[in-house]
Amino acid sequence: MNRVSSSQGAISVFLLTIMLFISGCGADKTPQEVFLEGKTMGTTYHIKYFADDKSVDATKLQQQIDTQLKAVNQSMSTYIPDSEINTFNKLPANQVMPISEDFRAVVSESIRLGKSTKTLDVTMGPLIDLWGFGPDKKPTKRPSDEALAAMIEKIGVDKLNLTEQGLAKTVDGLELSFSATAKGYGIDKVAQLLESQNISNYMVEIGGELRIGGEKPNNQDWKIAIEQPDAPPGERKVHRVLAPGTNGIATSGDYRIFYKMDGETYTHLIDPVTGMPIKHDLVSVTVLHPSAMTADGLATALTVMGMDDAKAYAEKHDLPVYLMAKSDKGIVTYASTAFKPYL
């Protein structure tokens, strides 16, 4: 929904579509399986849930979901001219803008993650533009060191001022892009809506990111598959299957979106500290977290960190994280201490 250049790559986790047939139960005791799908945030959504309460009107529920996702998109999409985020981006420095509850939730968590990780920066839009990345764009020349240094001075979540009255920027030209957190927030909003309808066993997916609640009938776990990052072009292979429990699940990687220029290879992910596209062997990061928004943001941040720093951060913060990196011997993997119970 925003600049893909600063967010997750094309890699995703995907739900296994093997259906479990229920036997030994009368039809009146079998939970009703409902599947909903649609479009949102420039991508698609898929929702599956099992409802014991047959009074839930699936058609009405989907209308509520679409209305909710439309509101999130209207607030946070840089592709909608009069969106809340674009209104803020046009403001001069030190002018406070009252913001919606949705916008506040996303900007607050984005600031928290930015300060904690140092590698997730929702103000990086101008830096991305400087490189020439963006929707359907490729860089044509490397920015000068002077231009990069000047740009780094003008970005950063420390230049955002969030108060009860609203949000302000402390420097002119600062812009927001929630491409690493808004999609996950949309998933969380849908999950909250389902739970408000007494639906506790569900799967919500938007653009490859997931949130799972409860379990399937007969106490069967939901299963998801992590994609194999070195599969041949055009093929999708399962690397590993796991039972993520009741969590949001996000996977980020840099192995599919890259450009060659002047003999150098540039990925679409940029380190806000150096201003440079990342260059390391970490190709896939999967994060589990109760909030899909937080998982979404952390997956991007850890990818930018690289293997060693990502491992250290995951252990320090007790995060369920699964990493894959390239090596001379192929793909090497790492499961954090908190992730191992899900394998």
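Please refer to the structure higher up on the page.
Draft legend 1. Region of interest: the packing of aromatic side chains. One pass over the full model with this rule turns up four aromatic pairs. Ring geometry for Phe-50 versus Trp-222: centroids 5.8 Å apart, planes at 50°, classification tilted. Of this pair, Phe-50 sits in strand E3 (residues 43–51) while Trp-222 sits in the loop between strand E7 (209–213) and strand E8 (224–227), and the two are 172 residues apart along the sequence. The pair formed by Phe-50 and Trp-222 is uniform in burial state, with each residue classed as buried. Here a set of aromatic residues connected by ring pairs shows up, and it is made of Tyr-322, Phe-339 and Tyr-342.

Draft legend 2. Local environment of helix H6 (residues 182–196). Taking 1.5 Å of rise per residue, the 15 residues of H6 would be expected to cover 21 Å, and the 21 Å separating its terminal C-alpha atoms lies within 8% of that figure. Of all 15 residues that make up H6, 12 are buried, and the element is covered over most of its length. Taken together, the buried positions of H6 are Ala-182, Lys-183, Gly-184, Tyr-185, Gly-186, Ile-187, Asp-188, Lys-189, Val-190, Ala-191, Leu-193 and Leu-194. Structurally, H6 contributes buried residues whose contacts are with E3, helix H1 (58–76), helix H3 (101–117), strand E6 (201–206), E7 and helix H7 (292–305). Positive backbone phi, approximately 60°, marks Asn-198, located one or two places after H6.

Draft legend 3. Local environment of the pairing of E7. In terms of residue burial, E7 counts as a mostly covered element, since five of its five residues are buried. Burial of E7 is two-sided: the residues Glu-209, Arg-211 and Gly-213 facing one way and the residues Leu-210 and Ile-212 facing the other way are all buried. Pairing of E6 with E7, which is carried by five bridges, proceeds in the antiparallel orientation. Paired with Ile-206 across the two strands is Glu-209, which belongs to E7. Where E6 hands over to E7, the hairpin turn is made up of two residues, of which Gly-207 adopts a positive phi near 55°. Direction of pairing for E7 relative to strand E10 (residues 247–252): antiparallel, over a ladder of three bridges. Following the sheet pairing, Arg-211 is matched in E10 by Gly-248.

Draft legend 4. Representation of the packing of H1 against H6 in the model. Closest axis-to-axis distance for the H1/H6 pair is 10 Å, and the angle between their directions is 150°. Overall, the two elements H1 and H6 adopt an arrangement that is roughly antiparallel. Considering how the two elements wind past one another, H1 and H6 form a crossing that is right-handed. Within the contact between the two elements, H1 uses Leu-61, Gln-64, Ile-65, Gln-68, Leu-69, Val-72 and Met-76 and H6 uses Ala-182, Tyr-185, Gly-186, Lys-189, Val-190, Leu-193 and Leu-194. Taken together, the residues of the contact of H1 with H6 sort by class into 10 nonpolar, three polar and one charged.

Draft legend 5. Local environment of the pattern of salt bridges. This model, assessed by the stated rule, comprises seven salt bridges. Between Lys-189 and Asp-102 there is a salt bridge whose closest N-O contact spans 3.2 Å. Of this pair, Lys-189 sits in helix H6 while Asp-102 sits in helix H3; the two residues are 87 residues apart in sequence, bridging distant segments of the chain. Take Lys-189 and Asp-102: they sit in the same class, and that class is buried. We note a salt bridge from Arg-211 to Asp-188, for which the minimum N-O separation is 2.8 Å. Separated by 23 residues along the polypeptide, Arg-211 in strand E7 and Asp-188 in helix H6 bring together distant segments of the chain. Accessibility classification places Arg-211 together with Asp-188 in one group, the buried group. Connected through shared salt-bridge partners, Asp-188, Glu-195 and Arg-211 make up one network.

Basis of the calculations
- Residues numbered from 1 in each chain as written.
- Predicted model: local features only at pLDDT ≥ 70, side-chain atom pairs only at ≥ 80, totals over all residues.
- Heavy atoms only, no water.
- Phe/Tyr/Trp six-rings, centres within 6.5 Å; stacked < 30°, edge-to-face > 60°.
- Helix = DSSP H or I, 4+ residues; strand = E, 2+ residues; numbered from the N terminus.
- Buried < 20%, exposed > 50% of the residue type's maximum accessible area, 1.4 Å probe, protein only.
- Expected span 1.5 Å × (residues − 1).
- Contact = heavy atoms within 4.5 Å.
- Pairing = 2+ DSSP bridges.
- Axes fitted to C-alpha atoms, helices over the stretch in contact; angles between N-to-C directions.
- Parallel < 35°, antiparallel > 145°, perpendicular 65-115°, else oblique.
- Left-handed = near helix turned anticlockwise from the far one by under 90°.
- Nonpolar A, V, L, I, M, F, W, Y, C, P; charged D, E, K, R; others polar.
- Salt bridge = Lys/Arg side-chain N within 4 Å of Asp/Glu carboxyl O.

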